[in-house]
Each structure stands twice: as C-alpha cells, then as structure tokens.
Amino acid sequence: MATETISSIPAHVRPEQVVDVDIYTDPRLLAGPHAAYKAFQDAGPDIFYTPRNGGHWIITRYDLMSTILRDPEHFSSKELHIPRLNSPVQFIPLSLDPPDHARYRAVLLKHFDKKSIAAMADKLRLWADRLIDRVQARGHCDFAEELGAAYPVSIFMEMMGMPLERFEEFRGIVLEYFSNISSERRLQLQETIIGVMMDLREQRLKEPREDLISKLLAERVRGEPLTAEEFQSMGYLLFLGGLDTVANALTFAFYHLAGDPALQSRLASQPERLPDFVEESLRMYGVVHQPRIVKKQIELAGARFEVGDMVMCALPVAGRDDRKNPDPERFDIDRQDRQHIAFSIGAHTCIGNVLARAEMRTFTEAWLRRIPNFRLAPGAKLEWRGGSILALTHLPLEWHAGG
Amino acid sequence: MPRINVTTRSGETLTIDATAGSSLKDALMDGGVQEINAVTSCGGCCSCGTCHVFIDAADFPRLPGMQSQEDDLLYVRDDRQPTSRLACQINVTDQLDGLKVTVAPEW
Ligand code: HEM
Ligand code: FES
C-alpha cells in the first residue's frame, strides 16, 4: 500500500523539522485525532514535515494556516489529495486558483446563500423529526450512521435531486473514498461518482425539475451554460462535500454533548444558544484538513517551501491554538470572540457553511426537544478515522425511551 | 486621513476616519461597522460577497475599476446595482476622502 512507504527527506527540509506521522494510520491519531493534533501543535515545530504518504508538510497554527490559505500565488489548490492523486479531473471550484475560480464559485454561492438556506428551514426540521422518529422509542442508536450521516446526507440528496433509494450505495462510495485506500482505488471511485452525476445530468437535461442539478444546468457562467466537463467536476465535488462533512461534524458535536449533561439541559431550555454551541463544536472538533501544493518557492516561519511540496493545513486544531483562543481545551459556549477556521478561509471558504450550520442547529434543537437527556452507551468503543477528513465511525448513545 | 461616510443597513449614517492603505472593508470594521463582516466571510479574498456595498453614484468614477474576479462574483446577484462593489477589494487612498457608501443587504 502506498501509505506504508517512507519517502526520503528532501534536502530543503531540516532534520529538526521532521516528525514521523502517517495521517491515515498513526495509532495516536486513531485514538482521538483532535487530541493528537493538539499534542503536535503543543510540541512543535509549528510547521513540520512527515515522510509518509509521499512526504508532506503539516501546519498546526491558526495564523500560519490563514496566511497559506489566503495566498494562492504560492499555495495552489491544483492537487488536493495526500498522497497525490495526479488526476486530470478537477473539482470545480475547489481545485481552481484565482482568477478562474470566482466565476464558478459565484454560481454555487447563489444557491447556498442565507436566503436559499433559510427557505429550506421547514425541510430541515421535517427531516430531523422523521429520523428521530425512527430511533426514539428504541432508547438507543448508533448515532454516527443512523442520524449523524442520515440527516445531512438525506437533505443533501433531496436538494440535489439524487434518488433517495440509492442512499446506502452513495454513502458507501464516499466512506470508502475517504478511508485509507490506494490511489488506484480512489481513481476508480472517482469514475463511479462521475458516472452517477453524468447520468443525472442526462436525465435533468431532458426533464428539468426543481432540484439543484437542474438549476445548475440552467445557470450561466459568463453567459455560457456549464459544459459537460465543468458540470462533471462540480458534481464530483458536491457529491464528496455533501455526503461526508456535516455527518462528521454533527457526530462530533453529539459525542461532546453526550458527555456533558449540564450542557444538554442548558441548551434544551435555552435553544437560542444553539448557534454558540454549533460554533464551539466546530472550533473544538473540526473535520477537514486542507491540502495545498506549492506553486512558487517561499519561506514562512523558518520553513522553506519548494515547488511541488504538499502542505496540509490542520484546520481541525486551528481553533485549539492557544495563540488564538484562551484556554482552548475548554468547551465553552459563552466564549467571547471565538476563532476557528473549520470551513477554511480565503478564496475557497466553504460554500456549504450556511447549510452546514443550519443543519447542526436544527437537528440539535429537534433532538433535545424530544430526547433532553442522553449519554454514551457504557462500554462503547469509539473508532476514529484519520486521513484528510476526520470521522467517528460509531457513536452508540442511549436514553430513557419512556419519555 | 480619508473620511468615509457610511449608511448602514438600518439606515443610520456615520462618518469614519479611515487609514490610507487599508481595504475599505477593514476601514469600515475598524470604524465600528461590524455588519460588513459576517461569520461566513472569506476574510477579504473576493470570494464570499458578504462585504457588498453600494457606492454613491457621484463617487463611483473616483474608484479604480474592478478585476474580473469581483465582477464574476457580483454577476450572479439579483441585488447588484450599477455602483455595487466588494469593499474588501477597494484600497482606501487619500483620493477617496469623502466617499459615500451604503452597506448592501445581507447575502
Ligand atoms: C461541517 C461541514 C463542512 C465542513 C467542515 C466543510 C469544510 C470545507 C472546507 C475546509 C472547504 C475549503 C477548502 C479549501 O480551503 O480549499 C470547503 C469548501 C467547499 N465546501 Fe464545504 N464543508 C462542510 C460542508 C459542506 C456542504 C454541506 C457542502 C455542500 C453541500 C459543501 C460544499 C463545499 C464546496 C462546494 C466547497 C468549495 C468552495 C470553493 O472552492 O470555492 N461543504 N468545505
Ligand atoms: S470579504 Fe469575502 S468578498 Fe469581501
């Protein structure tokens, strides 16, 4: 497997900058990735190099990540996989650098802005109640798949116009895509996803509906409709972005909440504080690590980045940086001036962030209204997934089913 | 110090002292107009639209033109007006003294 080979250390990397971490398999990460990355952040250096997975830098501090993510002149989005996938298929707009990026991004932004998401409020509530209905009387569930994933993925599939009866199949593809697989397998899955999106395109071109796929096909970019290729790479990105991000963020939030009964009661009686809970959870439990590839040589905080170097911004611990948030390991919804970049920063700031936040808020509110007290099932074994998108694969919860 | 006259979303008007060399978005924020900065902001990278402002028509010609990226982002908006700009893309200079801007509705 590609990930087991250790690359030689390039000459521009100094020995004291090397820390040996396999982001997919390191046991420290698999025991709890946020705590592990926080330990790397505390131990320093702020920028280090691991020889695993083709060799790449890891950035652990908020301000350095922010500098890199806002500097597409030196740090390009053209390669977004670690190890490198070297695929000719783009993710539009994610893998485009300015100035090509904005015109595609604008088309998507329009469908994910506050107004569009606010119009979905009833749907978000309906899906929450529908899914909680399935488990409430049982008194226990594996939150991760049954709710954490089912909720945002169902909403997303409905919004896109993807057939809900293929839920399991699509979810399976995405889970495998982000797990520790070979690049060859990842390329195969890429083909599969693209096939799904292109079939949908065919259908909606013939018979447009009210869904996002139809709307995107009707959009104009500088006066022209999206070409098949452009649509394909947008669809590929939305498929991956929509099917395995909120799922993890929501599961992380409930992992925390399950162990904090005081916060459960507080949020149940003060639902107006849910937005703060969502932000605090995103600060403590980010999901996405963001890669960049060096396009132009540059020096930053004592590290020399050469053309072609892969760089991974550890966004999930940016919010735990003590240089940004005092007492960062404390989960505190009353925190003032909270800083996190779970949705990245700069030109590629997550387009789905308004939707993601609304989903996390709406779901938590519905849950606490119906199940105000719950806990981790005793003896529950937590299984974390490392890699670029962090996940908790199981989260067994229990509560009094009597009501 | 260039002075900027601002009308906020609620219709309140105020005058702020801006620092030449900063972006108009930063100048507005430093002057206390926090509504220009949403939690969904891209951090001034011409990619989110949350810093959308309308420039007073009489002042508009005083601004340097916009890059294609800014135009692309504004292109899809229903609430775009002929004098729409993204504040993060405007560099405050002494020549802009007295500029009148209105914060556009939220995106
Ligand atoms: C909590 C959930 C989510 C997290 C943590 C998250 C995280 C991110 C991050 C970190 C980026 C920026 C990557 C970069 O800097 O290159 C990003 C971009 C993006 N996200 Fe999300 N995301 C989430 C939910 C969603 C959802 C629900 C959607 C869509 C349905 C979505 C669609 C996108 C798109 C289209 C981009 C590309 C933006 C661009 O390149 O301009 N995301 N997301
Ligand atoms: S701050 Fe995002 S476009 Fe100006």
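We now turn to the structure provided with this report. (Residues numbered from 1 in each chain as written. Chains lettered and ligands numbered in written order. Predicted model: local features only at pLDDT ≥ 70, side-chain atom pairs only at ≥ 80, totals over all residues. Heavy atoms only, no water.)

1. Some words on the coordination of the iron atom of ligand 1
The expected angle between donors at a tetrahedral four-coordinate metal is 109.5 degrees. At an octahedral six-coordinate metal it is 90 or 180 degrees. What counts is decided by this rule: Excluding water, the donors of a metal are its N, O and S neighbours within 2.8 Å, or within 3.2 Å for Na, K and Ca, and that exclusion means sites may look incomplete. Counting from the N terminus, the helices are DSSP H or I runs at least four residues long and the strands are E runs at least two residues long.
There is one protein donor for the iron atom of ligand 1, namely C350 of chain A (SG), at 2.2 Å. Structurally, C350 of chain A can be placed in the loop between α15 (315-318) and α16 (353-370).

2. Regarding the packing of aromatic side chains
Residue and element names in this part refer to chain A. Note the following rule: Note on aromatic contacts: the rings of Phe and Tyr and the six-membered ring of Trp form a pair at centre separations within 6.5 Å, being stacked when their planes are under 30 degrees apart, edge-to-face when over 60 apart, and tilted otherwise. Type-normalised accessible area, obtained with a 1.4 Å probe on protein chains alone, sets the label of each residue: buried when under 20%, exposed when over 50%, and partly exposed for intermediate values. Charge-over-ring placement is defined geometrically: NZ (Lys) or CZ (Arg) within 6 Å of the ring centre, and within 35 degrees of the ring normal.
For the coordinates displayed, the defined rule picks out 24 aromatic pairs over all chains. Here W367 and W399 contribute two aromatic rings whose centre-to-centre distance is 5.3 Å and whose plane-to-plane angle is 80°, an arrangement assigned as edge-to-face. Placement of the pair is W367 in helix α16 and W399 in the segment after β12 (396-398), with a sequence separation of 32 residues. By the burial criterion, W367 is buried, and W399 matches it. Through a chain of ring-to-ring contacts, three or more aromatic side chains come together here, namely F143, Y151, F254, F363, W367, F374 and W399. In this structure, R130 is placed above the aromatic ring of W127, and the distance from its NZ or CZ to the ring centre is 4.2 Å. Residue placement shows R186 over the ring face of Y177; its charged tip is 5.8 Å from the ring centre.

3. A look at the layout of surface pockets
Formally: In this analysis a 1.4 Å probe is tested at points of a 1 Å grid over the protein atoms alone, and where it fits but cannot get out there is a cavity; an open set with protein on both sides within 12 Å along at least five of seven lines is a pocket; lining residues have an atom within 4 Å of a point. Grid points are joined across faces, edges and corners, and a volume is the space filled by probe spheres set on the points. Note on residue categories: nonpolar means Ala, Val, Leu, Ile, Met, Phe, Trp, Tyr, Cys or Pro, charged means Asp, Glu, Lys or Arg, and polar means any other residue, Gly included.
As a volume, the largest pocket reaches approximately 1200 Å³. In this structure, the largest pocket is lined by 44 residues; those nearest its centre are R357 of chain A together with A38, V39, T40 and S41 of chain B. Broken down by secondary-structure element, the contributors of at least two residues to the lining of the largest pocket are α3 (62-69), α5 (114-118), α6 (121-135), α14 (274-284) and α16 of chain A together with α1 (24-30) of chain B. Grouping the amino acids of the lining of the largest pocket by side-chain chemistry returns 16 nonpolar, 13 polar and 15 charged. Size it by volume and the second largest pocket reaches roughly 330 Å³. As for the second largest pocket, its lining consists of 13 residues, and the residues nearest its centre are S116, M120, M159, E210 and K215 of chain A. The greatest single-element share of the lining of the second largest pocket, amounting to three residues, is contributed by helix α7 (residues 143-160) of chain A. Residue composition of the lining of the second largest pocket, by class: five nonpolar, two polar and six charged.

4. Overview of the site of ligand 1
Residue and element names in this part refer to chain A. As a reminder of what qualifies: Residues are classed as near a molecule or strand on a simple rule: at least one heavy atom within 4 Å of it. The term polar contact refers here to a pair of N or O atoms within 3.5 Å; inside protein, the definition further demands a hydrogen-donor-capable atom paired with an acceptor-capable atom, and it admits residues adjacent in sequence only when both atoms are side-chain atoms.
Taken together, 25 residues form the shell around ligand 1, and within it H101, R105, S344, H348 and C350 come nearest. The contact in question runs from an oxygen atom of ligand 1 to an N or O atom on the side chain of Q290, over 3.4 Å. Those elements giving two or more residues to the shell around ligand 1 turn out to be α4 (101-112), α11 (228-243), α12 (246-258) and β5 (290-294). Top element by residues in the shell around ligand 1 is α4. It accounts for four residues. Here the residues of the shell around ligand 1 sort into 16 nonpolar, seven polar and two charged.

5. Here we look at the sheet that holds β5 of chain A
Residue and element names in this part refer to chain A. Our working definition: The rule for pairing is simple: two strands pair if DSSP sees at least two bridges between them.
One open sheet accounts for five strands, arranged β1-β2-β8-β5-β3; its pairing is mixed. A strand with exactly one partner marks an edge of an open sheet, and here the two such strands are β1 (47-50) and β3 (75-76). Alignment of β3 against β5, held across two bridges, turns out to be antiparallel. Looking at β5, one finds that S76 is bridged to I293.

6. Here's the deal with the interface of chain A and chain B
What counts is decided by this rule: For this analysis, residues touch if any pair of their heavy atoms sits within 4.5 Å. Buried area: the accessible area, evaluated with a 1.4 Å probe, that two parts lose upon being put together, summed over both parts. For this document, the term salt bridge refers to a Lys or Arg side-chain nitrogen within 4 Å of an Asp or Glu carboxyl oxygen.
Contacts between the two partners involve 24 residues from chain A and, on the opposite side, 17 residues from chain B. In this assembly, chain A packs against chain B so that about 1800 Å² is buried in total across both faces, 55% of it on carbon and sulfur atoms. For chain A, the biggest contributors to the area lost against chain B are A102, K114 and R222 of chain A; these three give 25% of the whole. Applying the counting criterion to the chain A and chain B interface returns two salt bridges. The shortest N-O distance in the salt bridge between R222 of chain A and D72 of chain B comes to 2.7 Å. Those elements that provide at least two residues to the side of chain A that touches chain B are α4 and α16 of chain A. A per-element tally of the side of chain A that touches chain B places α4 of chain A first, with eight residues. Residue composition of the side of chain A that touches chain B, by class: nine nonpolar, five polar and ten charged.

7. Here's the deal with the packing of α14 of chain A against α16 of chain A
Describing two packed helices takes the angle between their axes plus the distance from one axis to the other. All names here are of chain A. What counts, and what does not: To obtain an axis, a line is fitted to C-alpha atoms, over the contacting stretch when the element is a helix, and the angle between two such axes runs from 0 to 180 degrees between their N-to-C directions. In what follows, roughly perpendicular refers to angles from 65 to 115 degrees, roughly parallel to angles under 35, roughly antiparallel to angles over 145, and oblique to any angle outside these ranges. Left-handed describes a crossing whose near helix is turned anticlockwise from the far helix through less than a right angle; right-handed describes the clockwise counterpart.
Look at α14 against α16: their axes get within 9 Å of each other, and the N-to-C directions meet at 120°. Regarding the angle of α14 to α16, the classification is oblique. In this structure, α14 meets α16 at a crossing whose hand is right-handed. Two secondary-structure elements touch here, α14 through L274, P275, F277, V278, E279 and L282 and α16 through R357, M360, R361, T364 and E365.

8. Focus: the sheet that holds β12 of chain A
Note on sheets: strands pair through backbone hydrogen bonds, and any given pair is parallel or antiparallel. With respect to topology, three strands assemble into an open sheet ordered β4-β12-β9 (chain A), the strand pairing being antiparallel. Two strands bound the open sheet, and with one partner strand each, they are β4 (140-142) and β9 (375-376) of chain A.

9. Considerations on empty space enclosed by the protein
Per the stated rule, a full pass over the model turns up two cavities of 30 Å³ or more. Put simply, the largest cavity is a space of about 980 Å³. Together, 46 residues line the largest cavity, and L237, G241, T245, V288 and C350 of chain A are the ones closest to its centre. A per-element tally of the lining of the largest cavity places α11 of chain A first, with five residues. When its residues are assigned to classes, the lining of the largest cavity shows 30 nonpolar, twelve polar and four charged. The volume enclosed by the second largest cavity comes to roughly 160 Å³. What lines the second largest cavity is a set of 17 residues, and nearest its centre among them are L109 and V354 of chain A together with T40, C48 and T50 of chain B. Breaking the lining of the second largest cavity down by element, the ones donating at least two residues are α4 and α16 of chain A. The element that contributes the greatest number of residues to the lining of the second largest cavity is α4 of chain A, accounting for three residues. Taken together, the residues that form the lining of the second largest cavity break down as eight nonpolar, four polar and five charged.

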